[in-house]
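# Observations on chain architecture
One-letter residues, chain by chain:
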Amino acid sequence: MKFHNAIVIGGGLAGLRAAVALNQMNVNVGVISKVHPLRSHSIEAQGGINASLGNHVRGGHDDYKKHAFDTIKGSDYLADQKAATRLTQNAVECIIEMEHWGCPFSRTEDGKIAQRPFGGAGFPRTCYASDKTGHVLLHTLYEQVAKFEYHSEREQIKIYNEWFVTSVVIIDGVCQGVIAMNIATGELEEFRADAVIFATGGAGRIYGKTTNALINSGYGMAIPFHAGIPLKDMEFIQFHPTTLYGTNILMTEGCRGEGGFLENNKGERFLAFYDDSKKAMEVAPRDIVSRNITKEILAGRGFEDSYVHLDLRHLGERRIMERLPEIRNLSINFAGVDPVHELIPIQPGQHYTMGGIDTNINAETRALGLYAAGECACVSVHGANRLGGNSLLETTVYGKIAGESAGEYILSGGPAKRDENIMKDSLKKDEDKINELLQSSGSEKIADIKKELNDVMDSNVGIFREGKSLADALDKVRELKHRFKNLKVTNKERNLNQELINKMELQGNLDVAEVIVMGALAREESRGSQARTDFPKRNDESWLKHTLAYCTPDGFKLEYSEVDVSIYEPKERKY
Amino acid sequence: MDTRTYKIFRYDSSKNEKPKFRSFEIPVEKGMTVLEGLIYIQDNIDGSLAFRSSCRAGVCGSCAMHINGKYRLACETQIYSLKSKTVTIRPMAHLKVIKDLFVDLEPFWEKYKLIKPFLQPGEPPPERERIQTADDRLRLEGLIDCILCGACQASCTVCETHPEYLGPAILLKVNRFVEDSRDNAADERLEEVSGFNGVFRCHTIFNCQEVCPKELDPTGSIANLKRKIIKKKFGPAKLYK
Ligand SMILES: Cc1cc2nc3c(=O)[nH]c(=O)nc-3n(C[C@H](O)[C@H](O)[C@H](O)COP(=O)(O)OP(=O)(O)OC[C@H]3O[C@@H](n4cnc5c(N)ncnc54)[C@H](O)[C@@H]3O)c2cc1C
Ligand code: FES
């Protein structure tokens with residue numbers, strides 16, 4: 001048994017930011033992460049993080065309200081407006097704080113933090129460090145954690161590297177802690193806590209064509225879901241327009257922000273052919289650009305019916321090396337093309353999970369003492385479509401808010417009721433579950449089920465959706481869940497059994513996938529990232545509402561809740 | 001279909017057995033990476049194989065291993081680029097093997113923490129960002145890019161004979177702060193690495209520079225630190241008169 005006043009699950013940006021906030025309140029905190037924090041997916045973020053600093057020559061008139069408006073409009077009015085405003089209002093402070101901690105942002109000529117234009121934004125407000133923004137932010141935060149771990153008089157931040165959380169324990173609406181497995185030994189342990197913060201990242205690996213790290217399984221969302229916490233707006237999945245053909249490694253939006261072109265097989269900048277992108281061209285929002293690339297490919301103007309070209313050549317070698325060096329490396333290493341001289345083959349791919357664990361504006365979930373922040377959470381600030389550069393911002397702003405909310409709860413006494421037996425029971429239950437998984441002697445291969453899940457999500461629950469194919473996808477996911485019971489295992493040992501972890505995660509993936517498809521099928525409208533060909537219009541009258549999915553003993557149920565539109569009236573979204 | 005033979009180091013520290021190599025025959029195609037081959041084996045042949053991976057894009061530093069004679073990132077290495085029918089893989093050296101290619105990195109992270117790897121500006125921050133000129137920022141290129149994969153430490157022969165030596169990755173990190181115009185603890189940092197297990201342990205063998213998957217130059221960083229320490233001790237170089 002282990003105890004910390006606060007336990008944070010996840011060592012990405014949201015998790016570490018929450019841990020630092022708790023430490024600043026002198027609360028004892030344990031961070032559990034299935035990989036070393038610096039191997040978290042946040043390290044991959046490339047393009048930048050938004051804040052209305054006004055450092056760019058064209059950014060003088062920017063302010064947090066304009067940033068909030070862009071965010072809400074970008075969300076196709078599904079974002080909760082006070083939540084989005086809180087995000088942008090805290091942005092400047094959070095970026096400045098990162099700089100004070102040592103984050104090596106790129107600089108303007110007068111030595112301030114540099115900013116670049118990004119899609120859907122009225123001003124260039126995306127702060128960056130060449131194309132390694134996630135890398136420098138995560139290193140900076142981890143450096144702060146290391147500082148507190150070793151050199152502080154305050155309570156400790158203890159990191160549990162390579163521990164895998166299997167369940168969260170909630171009794172009578174009060175969170176008691178989590179159960180986690182030490183991956184190296186395979187042993188389960190109780191982690192009792194006054195407060196628990198989920199910061200487990202996105203669920204991209206439910207799809208096959210995704211920019212996400214291999215570890216982004218979505219299991220972190222399944223854990224609270226199984227404990228009765230609803231998942232919100234899961235049908236809203238962002239597809240990034242420019243991912244490398246073949247591996248779907250991201251080519252940052254910064255490529256277009258810096259002036260890159262998208263071209264079809266005739267060498268035309270085809271975004272000019274479409275009403276919704278002809279004005280903003282390459283810096284139109286992601287959902288629009290992804291759809292228009294797909295239309296272009298479907299119209300036979302792509303290459304091998306699969307991709308179009310991203311052209312950076314006119315930027316010149318110097319600018320590419322200065323602003324987009326990692327893009328050049330990735331193109332050379334993974335596609336064998338050098339963007340200084342050649343065209344980059346790109347196609348849209350899954351990129352971001354807008355939905356997630358339902359929280360309010362204070363990062364609180366519906367259970368006392370349970371919080372969520374970052375990509376695994378849905379506040380909601382991104383609504384139906386996230387703007388580039390806003391999710392790194394969300395991890396820092398709402399990571400901090402989650403830490404502070406949890407800290408206040410702990411300092412004011414924490415849970416009224418502690419139940420140690422329930423923790424023991426939960427551990428026993430997980431132990432039984434693992435033994436069952438280890439003993440299963442069926443014939444189905446984990447990799448096959450995963451592949452079939454990825455394929456059906458790519459083909460039926462992608463950029464364009466339609467009632468019949470969504471219904472087919474739902475059948476398929478349920479069939480896979482059934483077949484999951486008949487799994488074959490080759491490794492029956494407990495220590496460092498990655499097959500076992502893959503299996504547990506797959507089970508979570510299947511549940512989260514079912515929620516995504518159910519939500520998409522039920523929502524008979526097109527909004528933001530959801531483009532239903534059978535319901536091509538946004539329908540505010542019936543669908544200006546959040547989807548909430550619950551796990552109940554009789555299966556998954558959908559409910560709906562109101563959207564906060566108290567500041568800006570929903571309008572048609574035009575660029 | 002084209003195939004390759006993977007020869008992989010196998011060892012389980014929880015068992016009382018000797019390490020051994022095991023061979024797996026796997027189908028390969030153009031574009032496939034060494035990491036994808038490992039995943040193929042774990043998925044389809046032997047679920048007990050253990051290795052680390054996360055980003056699959058050469059940026060998180062999880063998958064450094066010894067592949068056909070050289071430390072590389074498995075996810076960034078195309079199988080065809082090895083130009084060999086067999087792919088021989090060992091775990092990183094100088095670290096305890098927990099299982100197969102999965103080593104205990106704790107000693108590495110302990111060293112990382114030892115050097116106070118965080119900005120020490122020495123004065124309270126201004127209201128807005130600290131000003132850093134573009135030129136000052138440029139000095140950090142190649143220093144902030146390290147992904148801490150550990151390939152350089154594993155390839156370093158001094159790390160092998162002197163386990164306490166901080167090693168190239170860690171010293172590069174020290175240099176990252178020494179070179180940062182916003183940091184004000186250079187003297188203390190230089191003092192700390194001037195000791196027995198610091199920069200002067202380095203024999204300038206250049207292994208680290210040769211294997212770095214990010215093409216960084218830890219040897220250069222170490223040389224820079226040495227130069228600064230010597231300069232501090234003996235003052236600026238005087239012309240011989
Ligand atoms: C390639 C790429 C580029 C991007 N670029 C940008 C950008 O330029 N700007 C922007 O704003 N956004 C960008 N994003 C999005 C952004 O990077 C992510 O949304 C953000 O980093 C998520 O951070 P997080 O802290 O919520 O989660 P993560 O960084 O994914 O961290 C999740 C953590 O949870 C842990 N974890 C998960 N499950 C468990 C479990 N069961 N037990 C224990 N630990 C667990 C993991 O170990 C990990 O430490 C990008 C995304 C991608 C895919
Ligand atoms: S998996 Fe991240 S560097 Fe290879």
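Just so it is clear, the model here is predicted, and its values are computed rather than measured. (Residues numbered from 1 in each chain as written. Chains lettered and ligands numbered in written order. Predicted model: local features only at pLDDT ≥ 70, side-chain atom pairs only at ≥ 80, totals over all residues. Heavy atoms only, no water.)

## Quick look at the domain arrangement of chain A
Residue and element names in this part refer to chain A. According to the domain assignment, chain A consists of domain 1 (2-236 + 354-411), domain 2 (241-349) and domain 3 (440-535). Inter-centroid distance (C-alpha atoms) of domain 1 to domain 3 is 26 Å. Summed over both partners, the interface of domain 1 with domain 3 buries about 2,600 Å², with 61% contributed by carbon and sulfur atoms. It is Ile206, Tyr207 and Glu235 that lose the most area in domain 1 upon contact with domain 3, and together they represent 28% of the buried surface on that side. At the junction of domain 1 and domain 3, the tally comes to 2 salt bridges. A salt bridge links Arg523 to Glu235, with the shortest nitrogen-to-oxygen separation between them at 2.8 Å. Within the residue set of the side of domain 1 that touches domain 3, elements represented by two or more residues are strand E7 (163-171) and helix H6 (219-226). Residue contributions to the side of domain 1 that touches domain 3 peak at 5 residues, all from H6. (Domains from an automatic or database assignment. Buried area = accessible area lost by both parts, 1.4 Å probe. Salt bridge = Lys/Arg side-chain N within 4 Å of Asp/Glu carboxyl O. Helix = DSSP H or I, 4+ residues; strand = E, 2+ residues; numbered from the N terminus.)

## Quick notes on the packing of helix H1 (residues 13-24) of chain A against helix H11 (residues 390-411) of chain A
All names here are of chain A. Between H1 and H11, whose axes approach to 7 Å, the crossing angle comes to 40°. Two packed elements cross with a definite hand, and for H1 against H11 that hand is right-handed. Note on element contacts: H11 touches H1 through Leu392, Thr395, Thr396, Gly399, Lys400, Gly403, Glu404, Ala406, Gly407 and Ile410, opposite Leu13, Ala14, Arg17, Ala18, Ala21 and Leu22. Among the residues making up the contact of H1 with H11, the classes are represented as 8 nonpolar, 5 polar and 3 charged. (Axes fitted to C-alpha atoms, helices over the stretch in contact; angles between N-to-C directions. Left-handed = near helix turned anticlockwise from the far one by under 90°. Contact = heavy atoms within 4.5 Å. Nonpolar A, V, L, I, M, F, W, Y, C, P; charged D, E, K, R; others polar.)

## Section: the interface of chain A and chain B
Listed per partner, the contact involves 63 residues of chain A and 63 residues of chain B. The contact between chain A and chain B buries some 5,000 Å² in all, and 49% of this surface belongs to carbon and sulfur atoms. Between chain A and chain B we count 8 salt bridges in total. Among the ionic pairs, B:Lys214 bridges to A:Glu326, the shortest N-O distance being 3.8 Å. Along the contact surface separating chain A from chain B lie 38 residue pairs in polar contact (both at pLDDT 80 or more). Every element with two or more residues in the side of chain A that touches chain B is listed here: helix H4 (91-100), helix H5 (133-151), helix H10 (325-335) and helix H15 (498-522) of chain A. (Polar contact = N/O pair within 3.5 Å; in protein donor to acceptor, adjacent residues only side chain to side chain.)

## As for the sheet that holds strand E12 (residues 261-263) of chain A
All names here are of chain A. One open sheet accounts for 4 strands, arranged E11-E14-E13-E12; its pairing is antiparallel. At either margin of the open sheet sits one strand with a lone partner, and together these are strand E11 (237-244) and E12. On average, adjacent strands in this sheet sit at an angle of 45° to one another, irrespective of strand direction. Summarising the sheet, E11 and strand E14 (residues 344-353) pair through 6 bridges and their orientation is antiparallel. Bridge assignment links Ile237 to a residue of E14, and that residue is Thr353. The strands that helix H8 (residues 286-298) touches are E11, E12, strand E13 (308-311) and E14; relative to E11, the one it contacts most, it runs at about 60°. (Pairing = 2+ DSSP bridges.)

## A look at the site of ligand 1
Residues and elements named next belong to chain A. Close to ligand 1 lie 39 residues, the nearest being Ser40, Ser42, Glu375, Ser391 and Leu392. Here an oxygen atom of ligand 1 and a backbone polar atom of Gly11 are 2.8 Å apart. Within the contact set of ligand 1, an oxygen atom lies 2.6 Å away from a side-chain nitrogen or oxygen of Glu375. Expressed as a share of its isolated accessible area of 1,000 Å², the protein-covered part of ligand 1 is 99%. Taken together, the elements giving at least two residues each to the shell around ligand 1 come down to H1, strand E2 (29-33), E7, E14 and H11. (Near = heavy atom within 4 Å. Areas by Shrake-Rupley, 256 points an atom, 1.4 Å probe, with all protein chains shown as cover.)

## Section: the side chain of A:Thr140
Relative to the helices and strands, A:Thr140 resides in helix H5. Excluding anything up to four places from it in sequence, A:Thr140 contacts A:Met98, A:Trp101, A:Gly102, A:Cys103 and A:Pro104.

## Some points on the packing of aromatic side chains
Using the criterion set out here, one finds 16 aromatic pairs over all chains in the structure. Both rings, one in B:Trp109 and one in B:Tyr112, keep their centres 6.0 Å apart while their planes meet at 85°; by these two values the pair is edge-to-face. With B:Trp109 and B:Tyr112 both in helix H2 (residues 106-114) and 3 residues apart, the pair spans about one turn of that helix. Across the pair, B:Tyr112 and B:Trp109 agree in class, each one buried. Following the ring pairs from residue to residue traces out a cluster consisting of A:Tyr142, B:Phe108, B:Trp109 and B:Tyr112. Taking the ring centre of A:Trp543 as reference, the NZ or CZ of A:Lys545 above it sits at 4.9 Å. Positioned above the aromatic ring of A:Tyr560, the side-chain terminus of A:Lys545 is 4.6 Å from the ring centre. (Phe/Tyr/Trp six-rings, centres within 6.5 Å; stacked < 30°, edge-to-face > 60°. Buried < 20%, exposed > 50% of the residue type's maximum accessible area, 1.4 Å probe, protein only. Lys NZ or Arg CZ within 6 Å of the ring centre and 35° of its normal.)

## Considering the sheet that holds strand E3 (residues 49-50) of chain A
Overall, antiparallel pairing links the 3 strands, which are arranged E3-E5-E4 (chain A) in an open sheet. Strand pairing shows two members of the sheet lacking a second neighbour, E3 and strand E4 (115-116) of chain A, which therefore form its edges.

## Regarding unusual backbone geometry
Residue and element names in this part refer to chain A. The step from Val379 to Ser380 runs through a cis peptide bond, and the omega angle for that step is 15°. Positionally, Ser380 belongs in the loop between strand E17 (377-378) and H11. Phi at Met281 takes a positive value of approximately 50°, unusual for a residue other than glycine. Its place among the elements puts Met281 in the loop between E12 and H8. Taking relative accessible area as the criterion, Met281 reaches 14% and is therefore assigned buried.

## A few points about the environment of A:Ile237
Residues and elements named next belong to chain A. Residue placement: Ile237 occurs in strand E11. We classify Ile237 as buried; its relative accessible area is 2%. Separated by 10 residues in sequence, Ile237 and Thr247 have C-alpha atoms that sit 19 Å apart. Once you skip the residues sitting within four places of it in the chain, Ile237 turns out to touch Tyr207, Gln350, Tyr352, Thr353, Met354, Arg465, Ile516 and Ser529.

## What about the domain arrangement of chain B?
All names here are of chain B. Parsing chain B into structural domains produces domain 1 (2-103) and domain 2 (106-236). If you average the C-alpha positions of domain 1 and of domain 2, the two centres end up 30 Å apart. At the junction of the two partners, domain 1 supplies 13 residues and domain 2 supplies 16 residues. When domain 1 packs against domain 2, close to 1,000 Å² is buried across both sides, 65% of that on carbon and sulfur atoms. Applying the counting criterion to the domain 1 and domain 2 interface returns 1 salt bridge. For the pair domain 1 and domain 2, the number of links is 4 residue pairs in polar contact (both at pLDDT 80 or more). In terms of residue count, strand E4 (residues 70-73) provides more of the side of domain 1 that touches domain 2 than any other element does, 3 residues in total. Its residues placed into classes, the side of domain 1 that touches domain 2 shows 8 nonpolar, 3 polar and 2 charged.

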